[in-house]
Amino acid sequence: MRQMMTVARQAARELMRGWWVASYGLFFMLLAWALFAFGERPAQAVVSVLDLVLLVIPFVSIVVGVLSFYNSREFAELLLAQPVARSTVFFGQYLGLSVSLAAAFTVGLGAPFAWYGWSTRDQAGTLLVLLLAGIFLTFIFVAFAFAIAVRTENRLKALGAAIFLWLFLALVYDGLLLAVIMAFSAYPLEKPLLGLCVLNPLDVARILILLRLDVAALMGYTGAVFKQFFGSTLGLGLAGACLAAWVALPVLAGVNAYARRDF
Amino acid sequence: MSMGRWLLGLIFPLFVMLALFAPSDATAGTQPAAPQGQAQRPTLVVCPTCEVKRLVDALREAPTGGRIVVQSGLYVEGEIVVDKPVEIVGQGWPVIDGAGKNQVLTVKADDVSISGLVIRNSAKSYLADLAGLRVEAARRCVIEGNRLIDNFFGIYLAASEDCVVRDNQVYGNATSEAFSGNGIHLWNSHHITLERNYVTGHRDGLYFEFLHASAVRHNVSEKNVRYGLHTMYSADNYYQSNLLRANLAGVVLMYSKRLRVIDNRFEDNWGAACYGALLKDLDDSELADNLFFHNSVALYAEDANRNFLTKNRFYNNGFAVRIMANADSNAFSGNVFEANAFDVTTNSSTQSANSFNGNYWDDYRGYDLDHDGIGDVPFWPVRLFGLLLEEYPAAIVLLRSPFAELLDTAEEAIPVLTPRNLADEKPLIARPSWSKSRVLKNASVQ
Amino acid sequence: MVEIAGLKKRFGSIRALDGISLAIKPGEITAVVGPNAAGKSTLLRCIVGLVYPDAGEIRIDGLSINGDWRCRRRLGYVAQTAHFPESLSVRELFAFIRDIRGADSGDGKELIGLFGLEGALDRPVRQLSGGTRQKISIVLATMFDPEILIMDEPTAGLDPLSSQRQKKWLERERARGKTILVASHIIAEVEELSDRVIFLLDGKVYFDGAPGEAARLTGERTLERAIAAMMEQRSSCGR
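Residues numbered from 1 in each chain as written. Chains lettered and ligands numbered in written order. Predicted model: local features only at pLDDT ≥ 70, side-chain atom pairs only at ≥ 80, totals over all residues. Heavy atoms only, no water.

Asks: Which residues make up the overall build of chain A, and what are the values?
Replies: Each helix and strand in chain A was counted, giving ten helices and zero strands. When the helices and strands of chain A are read in sequence order from the N terminus, they spell out α-α-α-α-α-α-α-α-α-α. For chain A, the C-alpha radius of gyration of 19 Å lies close to 18 Å, the compact-globule estimate for 263 residues. Overall, chain A is about 60 × 45 × 30 Å in size when its C-alpha atoms are taken along their principal axes. Evaluated residue by residue, chain A yields a buried proportion of 57% over its 263 residues. Partitioning the intrachain contacts of chain A with sequence separation of at least 6 by distance along the chain shows that 81% fall at a separation of at least 24. Split by element, the accessible area of chain A, about 10,900 Å² in all, is 72% carbon and sulfur. (Helix = DSSP H or I, 4+ residues; strand = E, 2+ residues; numbered from the N terminus. Rg over C-alpha atoms; globule rule 2.2 N^0.38 Å. Buried < 20%, exposed > 50% of the residue type's maximum accessible area, 1.4 Å probe, protein only. Contact = heavy atoms within 4.5 Å. Areas by Shrake-Rupley, 256 points an atom, 1.4 Å probe, with all protein chains shown as cover.)

Asks: Explain the interface of chain A and chain C to me, using residue names and the numbers behind them.
Replies: With 26 residues of chain A at the contact, the number on the chain C side is 30 residues. Summed over both partners, the interface of chain A with chain C buries about 2,600 Å², with 56% contributed by carbon and sulfur atoms. Taken together, the connections running from chain A to chain C amount to four salt bridges. With its nearest N and O atoms 3.0 Å apart, the salt bridge here joins Arg-13 of chain A to Glu-92 of chain C. Summed over the shared surface of chain A and chain C, the result is twelve residue pairs in polar contact (both at pLDDT 80 or more). Within the residue set of the side of chain A that touches chain C, elements represented by two or more residues are helix H1 (2-17), helix H3 (42-80) and helix H10 (233-260) of chain A. At nine residues, H1 of chain A tops the list of elements feeding residues into the side of chain A that touches chain C. (Buried area = accessible area lost by both parts, 1.4 Å probe. Salt bridge = Lys/Arg side-chain N within 4 Å of Asp/Glu carboxyl O. Polar contact = N/O pair within 3.5 Å; in protein donor to acceptor, adjacent residues only side chain to side chain.)

Asks: Hey, could you go over the packing of aromatic side chains for me, with residue numbers and the actual values?
Replies: All names here are of chain B. Following the criterion strictly, the structure yields 37 aromatic pairs over all chains and no others. Relative to Tyr-255, the ring of Tyr-233 has its centre 5.4 Å away and its plane inclined at 15°; by these criteria the two rings are stacked. Taken together, the positions of Tyr-233 in the loop between strand S22 (227-232) and strand S23 (238-240) and Tyr-255 in strand S25 (residues 249-257) put the pair 22 residues apart, joining distant regions of the chain. An aromatic cluster is built from Phe-266, Phe-292, Phe-314, Phe-332, Phe-337, Phe-356, Trp-361, Tyr-364 and Phe-379, whose rings are joined through pairwise contacts. The ring of Tyr-156 carries the charged tip of Arg-134 above its face, separated from the ring centre by 4.2 Å. (Phe/Tyr/Trp six-rings, centres within 6.5 Å; stacked < 30°, edge-to-face > 60°. Lys NZ or Arg CZ within 6 Å of the ring centre and 35° of its normal.)

Asks: I'd like a rundown of the sheet that holds strand S4 (residues 80-82) of chain B, residues and numbers included.
Replies: All names here are of chain B. Here twelve strands make up an open sheet; going across it, the order is S4-S7-S10-S13-S16-S19-S22-S25-S28-S31-S34-S37 and the pairing parallel. In the strand order of this sheet, the two ends are held by S4 and strand S37 (342-345), each with one partner. Taking each pair of neighbouring strands and ignoring which way they run, the sheet shows an average axis angle of 10°. Across three bridges, the pairing between S4 and strand S7 (residues 105-107) is parallel. Note that in S7 the partner of Val-82 across the bridge is Val-107. (Pairing = 2+ DSSP bridges. Axes fitted to C-alpha atoms, helices over the stretch in contact; angles between N-to-C directions.)

Asks: Describe the interface of chain A and chain B, and please don't skip the residues or the numbers.
Replies: Counting from both sides, the interface comprises 28 residues of chain A and, opposite them, 26 residues of chain B. With both sides pooled, the region where chain A packs onto chain B buries about 2,400 Å², and carbon together with sulfur makes up 73% of that total. Area buried by chain A at its contact with chain B is led by Leu-171, Leu-178 and Leu-218 of chain A, which between them contribute 24% of it. In this assembly, chain A and chain B are joined by zero salt bridges. The interface formed by chain A and chain B holds three residue pairs in polar contact (both at pLDDT 80 or more) in total. Residue assignment for the side of chain A that touches chain B shows that the elements contributing at least two residues are H3, helix H6 (155-183), helix H7 (190-198), helix H8 (201-212) and helix H9 (220-231) of chain A. Examining the composition of the side of chain A that touches chain B, we find that eight residues originate from one element, H6 of chain A, more than from any other.

Asks: Tell me about the pairing of strand S19 (residues 206-212) of chain B, residues and numbers included.
Replies: All names here are of chain B. Most of S19 is tucked away: five of the seven residues are buried. Note: strand S16 (residues 184-190) against S19, six bridges, orientation parallel. Paired with Ile-184 across the bridge in S19 is Leu-206.

Asks: Let's hear about the environment of Glu-118 of chain C: which residues, and what values?
Replies: Residues and elements named next belong to chain C. Tracing the backbone shows Glu-118 in the loop between helix H3 (109-115) and helix H4 (130-142). For the pair Glu-118 and Asn-66, spaced 52 residues apart in the sequence, the C-alpha separation amounts to 38 Å. For Glu-118, the residues in contact, after removing those within four places along its chain, are Ile-112 and Gly-113.

Asks: Account for the pattern of salt bridges, with residues named and values stated.
Replies: Side chains carrying opposite charge are able to pair once their charged atoms draw close together. Residue and element names in this part refer to chain C. If you walk through the whole model with that rule in mind, you get 49 salt bridges over all chains. Between Asp-61 and Arg-74 there is a salt bridge, with its nearest N and O atoms 2.4 Å apart. Here Arg-74 lies in the loop between strand S5 (63-64) and strand S6 (75-78) and Asp-61 lies in the loop between strand S4 (55-60) and S5, a separation of 13 residues in the sequence. Two residues, Lys-178 and Glu-173, come together in a salt bridge whose shortest N-O distance is 2.6 Å.

Asks: With reference to specific residues and values, describe the state of the cysteines.
Replies: Residues and elements named next belong to chain A. Evaluated as defined, the whole model comprises two disulfides over all chains. The cysteine Cys-197 is free of any disulfide, with Cys-242 supplying the nearest cysteine sulfur at 11 Å. Relative accessible area serves as the criterion here: at 2%, Cys-197 is assigned to the buried category. (Disulfide = S-S within 2.5 Å.)

Asks: Explain the nonpolar core to me, using residue names and the numbers behind them.
Replies: Core analysis: the largest hydrophobic core is formed by 266 residues, its most contacted members being Leu-109 and Phe-230 of chain A, Leu-299 of chain B together with Ile-4 and Leu-93 of chain C. In terms of residue count, the dominant contributor to this core is H3 of chain A (21 residues). Looking at which domains feed residues into this core, each of domain 1 (38-247) and domain 2 (251-262 + 275-382 + 418-438) of chain B supplies at least three. Listed in part, the 13 residues of the second largest apolar core include Val-197, Phe-199, Phe-207 and Ile-227 of chain C. (Core = buried A, V, L, I, M, F, W, Y, C linked by side-chain atoms within 4.5 Å. Domains from an automatic or database assignment.)

Right, here's the structure in full:
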């Protein structure tokens, strides 16, 4: 544990040296501030940043994840020659990166939102869901990045695979959902759709946030079914479990491959 | 609202009243004092400690055209029928209580005036439209400044004409749509003036069926279990400056024609299947200068034809306009579309016989090289995702998905599916200034 | 005592190690020599645990290490080329590794003095020359006083003076009973230092014995010539 934290701290430090973790946080901060400066109310601002949260966080997390994995591989040899378990080095580097990115996002987006009138409990709850979703997405996509990079010698190939995965989850998956909806429009689809959405962490995050906002009313009967599901403790637990599983699965796949590979 | 409109709002009803009640003089204010000119009228006073203790007794004794002053107290007298022209004036809010057993007050004569009463607890029934105050086949009635509390129907006018219903407050306790009555219900009547009433907690706040040539102004109808203002089989009515808030639908106009709906505000009709204005089989009508704010669907039009929709402001709605393919020859111009999730959706990808011209769209990205204030390229307000939604409602799970945005972007570049002729050929470049002031005004309301 | 039995490792179609068995004794300096791509580095990395063999066994004092990271507590490793976290100064780097290793700490003062590194301590690692990095790598491997020292081309990039000092220091460590394994492709360099030479070619051990023995076997005067003779012999056999 102590060794892991040491590795994590070092990985975070290595990352902070680059200007871009700070600019990543700054990007969210400027964005949120601009929205408020143009007079958007917090609920509208959430809708406006939603797209960005859903596109930018996964993309940055997975790309930076792959690149930083290859960067750290160079001195991984130094670490692995020390009396440290490989899983410790892996988890340490994973945590160092995920926590840095998540912190940059949380502070960057959270500060302006907290500053501008999140007065009521309900609004604070929405902000919390937004931040939690972003944090989960960061952890999930860094895990994807590591799982890919561990198995791939060529960093360009790994980058390609990462971007493909991101495209698939961010765009293609929802396209397939639409195809399913169109093909089976004669059947009651709400429950199968619920299942399919839960399988994609980006859809889970998007819907969890949408349901907190009043645009959920536009979602009609489908929305009502979703709201009932995600409103229940069971549903919320299941959604949380799904997100957690999306962190755990690639992390385990990654650490497994990391423990077996040669350096 | 402009000063001029305020003045009109005051002067016009006065004028109408003077015209209608010139011989019997007018009553003014919610608690009428004894106006001059009525001294010569025979007046009966009713109170629990008076000689006449019951309103029914007073009605029996009162001469035609007489005046009954009801002083404060509780009057539980069964169904009270007013069958001769009299003026009933409450002083100190006397309570006429139906005790949940019957209709409370029924007017069956012409030239009856009722004011200053609290009318409450009518019976409820699945079979009969029982009301707190019912007017049947009467002319020239004046219902003014009363409070109707917890009645099945509040004020119910049937087959009446030339009546004024003004400054009443109608509070219902309806919880279900199936077992509730309307706040102010006008049936088979004409030349009715309905103004400055407040209605809440009923099925439909204001319900009109076979209503003709009537004016409905400055009313507030909110938080009813169904609609704010519901019109069926009516024509030639004028709805102006009403506030319809937080109902399932603001106005529902069905099977009617030649209605003018001007300067009303429809807001917070928000939830699954909620509408600002729902038009079905509405023909030859005009909706102008209205504000649609924060409605799930601001304006829904089905089989509605030849209507003019002018200078309305659609702000922060889910769907601003949902217009079905069977709606024909409706003209949208000078409207402002701002901050809506969807500006226009329709269920047909082929053709639309409605025109959009000279509206302002906040999504418009065109340019204006000749600086005439009109965009040089048309604006197509129907998004592909919106079109898909009409056909596949379950696709709403993709709301705000990057994929949905991608679809719209692609469709914008290479249009295939969205109706090409549903276009605004002359989109405004700048938001018309008259609507700017209204934003501020309405923002302060919420 | 490090014992290696039947060690095999393939990278794709290349046989990096092809059945290697040998024993490395404490109190000796053992040199692994051979041309480039002979399998020297792979052998060393197998012992350190960076590379997993396909077959065979590595035992330290009779216990199979089998990739168990705890074995590395007794082990110091100098890589062929050293990569360090770029954000650190030399002092911070030492602290970082000390932090990782936990309790079994040393300060490496002696070697820092030996290499004259005092002036570089507060400079960022990324600004240092290859030679200085190599020195730091050696300090890092030895500062915790490991029983077993595994060095891959330890003199590469070192100036003659440092190289000489390092040799002296190694001899002293040998006297202290350390197990020392050095890989090098510069045979002359290890000849005077090593008690034992292992000649590796194409993943196989071609010679295992004292340096003088190799010369005696081939009739050559120096180890270098002896090795060259062995290589030629092998190629003629292959014909």
